[in-house]
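# Geometric and topological summary
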Amino acid sequence: MRAMIALVCMLAVAASHGAARPDDRTLYDADELAAIYRHSPLGKPAADPTNAVADNPAAAQLGQRLFYDVRLSGNGQIACATCHQPARAFTDARPVAQALGIGTRNTPTLLNAAFATWFFWDGRTDSQWSQALKVFENPAEIGTDRLHILHVISDDPALRSAYEAVFSTLPSCSDLRRFPQHARPGTDAGAALNAAWMGMTAVDRTAANRAFSNVGKAIEAYERRLVSDDSTFDRYVAALKSGDQVAQRGIPAAAKRGLRLFVGAGHCELCHAGPAFTDGQFHNLGLPMRPGAAADAGRYTGIGRVRADPFNTTSTFSDSAGGEAGERLRFMPPPDSMLGAFKTPSLRNVALTAPYMHDGRFGTLDEVLDFYAQVPPVEPGRRLGQRERTLDLIPRLTPAQRQDLIAFLQTLTSPLPPAQLLGPH
Amino acid sequence: MRLTVAVLLGLTVALAGSAPLHAQASADPAPVAQVVTAQGRYRIALVAAPHPIPLSKYFTLKLAVYDTRTPTRPLTDVKLDVSAGMTHGAGHEFMHGMESSTVVEQSNDRFVVRGMMFHMAGSWILRVRVHQGAVSDTADLTLQCCGE
């Protein structure tokens, strides 16, 4: 009897609690709710047919080893993980990258990078595997050369075995007349490397390029596992869909107001669209050039570079030269229309990836929203290209609205991927 | 039939810069949308379009062009330039265009437009410029983006 009274009391409390807290679906109109649902769940990255081992576990393990291996670098001290640090959400927390030299752009997170179709801020590569190759040979980044990488792999029996278990046999690097210790095309890292490269036969250059592209493909296989979902926001959306009113309390009221602004009057989701919170495209925000900084034409330059990239998805090193990847290259917009445009970053985990913008000019989300709240922009300085007028749709945000948006953006933080992916295991 | 009706409803003919439509003049059994160019010289029929249009994916459209003075015979001696953009309800000028370039291929009396890609949800304006010798005329069609 006593138990029954207790149960009745509990039910009464629960009922009154429920009555006091209406279903959060009533906070949003039908359009807002539909827009919210379009942002979650994140799902899985699309298949990458240009990389036959993109989802091969052995390739991912090999890629993980290469990602953290400083021996591949020009000075023996730098690896991919130098800038893409797991503990910092795979960024370096610096305005611009610092590796062998000082770069000009902010290091983007690798979390959920597998959902992208263009890579780098200017989209100068069209696959995740070719992105890695550019970093290796950039004198300001890892500063190495493709022949050095092949020799490191060839000289390490375990690494070589792991490589050959996934790909075909490595070129016979022991013959240094055919495969010099250091060589790469291009003169940006010195004429000697280019001369060594040009001294190789065409067949051997192709074999070296094939192995180099395989290194990139293994790294992509690893990076595709760096998916970070199940954020507070994802759990909230699941609760909205299921009508779970208890779980709907998982985010604060300010975040709910910010979410409504994000999908509604703020027009944020026009560019930060879909489950990855990016349209994957390029926009000119009208950011002024910074004093003393070189002009950065962004996508204007990226279009030419991806077309000319010998490792692009229509190249002989791609495992599928047609399909959607081929369409992307075929139908790129005129470069002039993209002057000063940069890729829309994902907002997932944005609270972990400061500083912001392509050049890391804003240290906090407050500063970012200060910029967007200025309509028209008031920052002085020379601008490249035409500021996209879509930005005019963003209303003048009040301080309270900015705080609501930040509260919402903080709900996009997810747990890091499993620990076994966060180091050179 | 239900799908055709849905497509017709989904693809709204734009009013801006274009003359009223003469639906009875159509020689196509079921154009999904049609519009007369701004100067009244041509009728553009959108004879094939995906429904719904996919967000951030390339898609293809098929167009036919008619001289409004001989409305039943599709023209083959015209060239088309096709672009698209969004006005976001603010006048006639695009706030932004597509992040792709279109390629128009002629197949007899049909014009196949490849490389269309809408990267934002909302109303897009399809702008078709018809060139016939020294004559040019333009029509706008509104396409709604996008399906799930």
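Procedures and definitions
Residues numbered from 1 in each chain as written. Chains lettered and ligands numbered in written order. Predicted model: local features only at pLDDT ≥ 70, side-chain atom pairs only at ≥ 80, totals over all residues. Contact = placed C-beta atoms within 7 Å. Helix = DSSP H or I, 4+ residues; strand = E, 2+ residues; numbered from the N terminus. Nonpolar A, V, L, I, M, F, W, Y, C, P; charged D, E, K, R; others polar. Domains from an automatic or database assignment. Buried ≥ 20, exposed ≤ 12 C-beta atoms within 10 Å, placed from the backbone. Pairing = 2+ DSSP bridges.

## Regarding the interface of chain B and chain A
- The interface of chain B with chain A comprises 14 residues on the first partner and 17 residues on the second.
- Listing elements by their share of the side of chain B that touches chain A, those giving two or more residues are strand E6 (96–97) and strand E8 (110–117) of chain B.
- Taken together, the residues of the side of chain B that touches chain A sort by class into five nonpolar, eight polar and one charged.

## Structural notes on the domain arrangement of chain A
Residue and element names in this part refer to chain A.
- The assigned domain composition of chain A is domain 1 (23–44 + 229–298 + 339–421) and domain 2 (57–223).
- Computed from C-alpha atoms alone, the centre-to-centre distance between domain 1 and domain 2 is 32 Å.
- With 23 residues of domain 1 in contact, the opposing surface of domain 2 contributes 22 residues.
- Across the side of domain 1 that touches domain 2, the residue classes break down as eleven nonpolar, seven polar and five charged.

## What to know about helix H6 (residues 146–155) of chain A
Residue and element names in this part refer to chain A.
- Of all the ten residues making up H6, eight are buried; the element is thus mostly covered by neighbouring parts of the structure.
- What H6 keeps buried is the set Arg146, Leu147, His148, Ile149, Leu150, His151, Val152 and Ile153.
- Of the surrounding elements, those touching the buried residues of H6 are helix H5 (128–137), helix H7 (157–166) and helix H9 (202–223).

## Here's the deal with the sheet that holds strand E5 (residues 79–86) of chain B
Residue and element names in this part refer to chain B.
- Strand order in the open sheet formed by four strands is E6-E5-E9-E10, and the pairing between neighbours is antiparallel. Each edge of the sheet is formed by a strand with only one pairing partner; in this case those strands are E6 and strand E10 (135–145).
- Two strands pair when backbone bridges link them, and E5 and strand E9 (residues 122–132) are joined in this way by seven bridges, in the antiparallel orientation. Bridging across to E9, alanine 84 finds its partner in leucine 126.

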